[in-house]
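# Structure at a glance
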Amino acid sequence: MTTFMNSDFMLHNETAKHLFHDYAESMQLIDYHCHFGDYYKWRVMRSNGVPENIVTGNADPYEKFERFAEALEMAIGNPMYHWCNLELKKYFGINEPLTVENAREIWDKTSEMLQTAPSLTVRGIIEKSNSSIIF
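The notes below deal with the structure included here. Small disclaimer: the values here were computed from a predicted structure and weren't measured.

## Things to note about the overall build of the protein chain
- Each helix and strand counted, the protein chain has seven helices and two strands in total.
- The dimensions of the protein chain, computed from C-alpha atoms along their principal axes, are 45 × 35 × 25 Å.
- Relative to its full complement of 135 residues, the protein chain shows a buried share of 29%.
- Of all intrachain contacts in the protein chain linking residues separated by at least 6 positions in sequence, the fraction that spans at least 24 positions is 55%.
- Distance from the positive charge centre (12 side chains) to the negative charge centre (19 side chains) of the protein chain: 4 Å.

Below you can see the structure in the form of structure tokens.
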């Protein structure tokens, strides 16, 4: 069994692996659409019936995260499912999918890392993304 979202995730043949790992992987990104926002995550929550006061209102931040985890489980096959789990892997080293069952553990780990890891400042995340320009 392969690791969840391993280094060959979505690379289905040797040509794809060669082109990505030997050329594209190290290229800098020019981000024309800046995905450093919550609007796509909010859409997943709304689509799964999460009330607006939890999506963008004054609900407890952990409750928002837990409800997002619950909605994300319903989005398997949606690019948001992959994108969010790839974020957890790339920036936090979390190699398992986010679920309601592990939401508290992931919340605690990522919260601690955001408070202490210099690589997880806004600038650090942009650098780790290998973005050269953000519009």
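## Quick notes on the packing of helix 2 (residues 39-47) against helix 4 (residues 61-73)
- The geometry of helix 2 relative to helix 4 is characterised by a closest axis approach of 9 Å and an angle of 70° between their N-to-C directions. With respect to their mutual orientation, helix 2 and helix 4 come out roughly perpendicular. Contacts between helix 2 and helix 4 involve Lys 41, Val 44 and Met 45 on the former and, on the latter, Lys 64, Arg 67, Phe 68, Ala 71 and Leu 72.
- Of the residues assigned to the contact of helix 2 with helix 4, the class counts are five nonpolar, no polar and three charged.

## Quick word on helix 5 (residues 79-92)
- For helix 5, built from 14 residues, the straight-helix expectation of 20 Å at 1.5 Å per residue is met to within 8% by its first-to-last C-alpha distance of 19 Å.
- Those residues of helix 5 not exposed but buried are Met 80, Tyr 81, Cys 84, Asn 85, Leu 88, Tyr 91 and Phe 92. Taken around the axis of helix 5, the buried residues stretch over an arc of 150°, which confines them to a single face.
- Among the structural elements, helix 2, helix 4, helix 6 (103-116) and helix 7 (122-128) are those in contact with the buried residues of helix 5.

## Some words on the packing of aromatic side chains
- Taken as a whole and judged by the stated rule, the model has five aromatic pairs.
- Taking the centre distance of 6.4 Å and the plane angle of 45° together, the rings of Tyr 62 and Phe 65 count as tilted. Of this pair, Tyr 62 and Phe 65 both sit in helix 4, three residues apart, which is roughly one turn of the helix. The same class applies to Tyr 62 as to Phe 65, namely buried.
- An angle of 45° between the planes, with centres 5.4 Å apart, marks the rings of Phe 65 and Trp 107 as tilted. With Phe 65 in helix 4 and Trp 107 in helix 6, this pair connects stretches of sequence that are 42 residues apart.
- Site record: aromatic cluster; members linked through ring pairs are Tyr 39, Tyr 40 and Trp 83.
- Looking at Lys 41, its charged tip hangs above the ring of Trp 83, at a distance of 5.6 Å from the centre.
- Over the ring of Tyr 62 we find Arg 104, and its NZ or CZ is 3.7 Å from the ring centre.

## Describing the pattern of salt bridges
- Under the defined criterion, the tally for this structure stands at six salt bridges.
- Its salt-bridge partner being Lys 17, residue Asp 8 comes within 4.0 Å of it at the nearest N-O pair.
- On the basis of relative accessible area, Lys 17 is assigned to the partly exposed category, the value being 23%.
- Between Glu 70 and Arg 67 there is a salt bridge whose closest N-O contact spans 3.1 Å. Of the two residues, Glu 70 and Arg 67 are both situated in helix 4; the distance of three residues between them amounts to about one turn of the helix.
- Judged by relative accessible area, which is 39%, Glu 70 ranks as partly exposed.
- Of the residues examined, Arg 67 reaches a relative accessible area of 23% and is grouped as partly exposed.

Criteria and thresholds
Residues numbered from 1 in each chain as written. Predicted model: local features only at pLDDT ≥ 70, side-chain atom pairs only at ≥ 80, totals over all residues. Heavy atoms only, no water. Helix = DSSP H or I, 4+ residues; strand = E, 2+ residues; numbered from the N terminus. Buried < 20%, exposed > 50% of the residue type's maximum accessible area, 1.4 Å probe, protein only. Contact = heavy atoms within 4.5 Å. Lys, Arg positive; Asp, Glu negative; His and termini not counted. Charge placed at Lys NZ, Arg CZ, Asp CG, Glu CD. Axes fitted to C-alpha atoms, helices over the stretch in contact; angles between N-to-C directions. Parallel < 35°, antiparallel > 145°, perpendicular 65-115°, else oblique. Nonpolar A, V, L, I, M, F, W, Y, C, P; charged D, E, K, R; others polar. Expected span 1.5 Å × (residues − 1). Arc of directions from axis to C-beta. Phe/Tyr/Trp six-rings, centres within 6.5 Å; stacked < 30°, edge-to-face > 60°. Lys NZ or Arg CZ within 6 Å of the ring centre and 35° of its normal. Salt bridge = Lys/Arg side-chain N within 4 Å of Asp/Glu carboxyl O.

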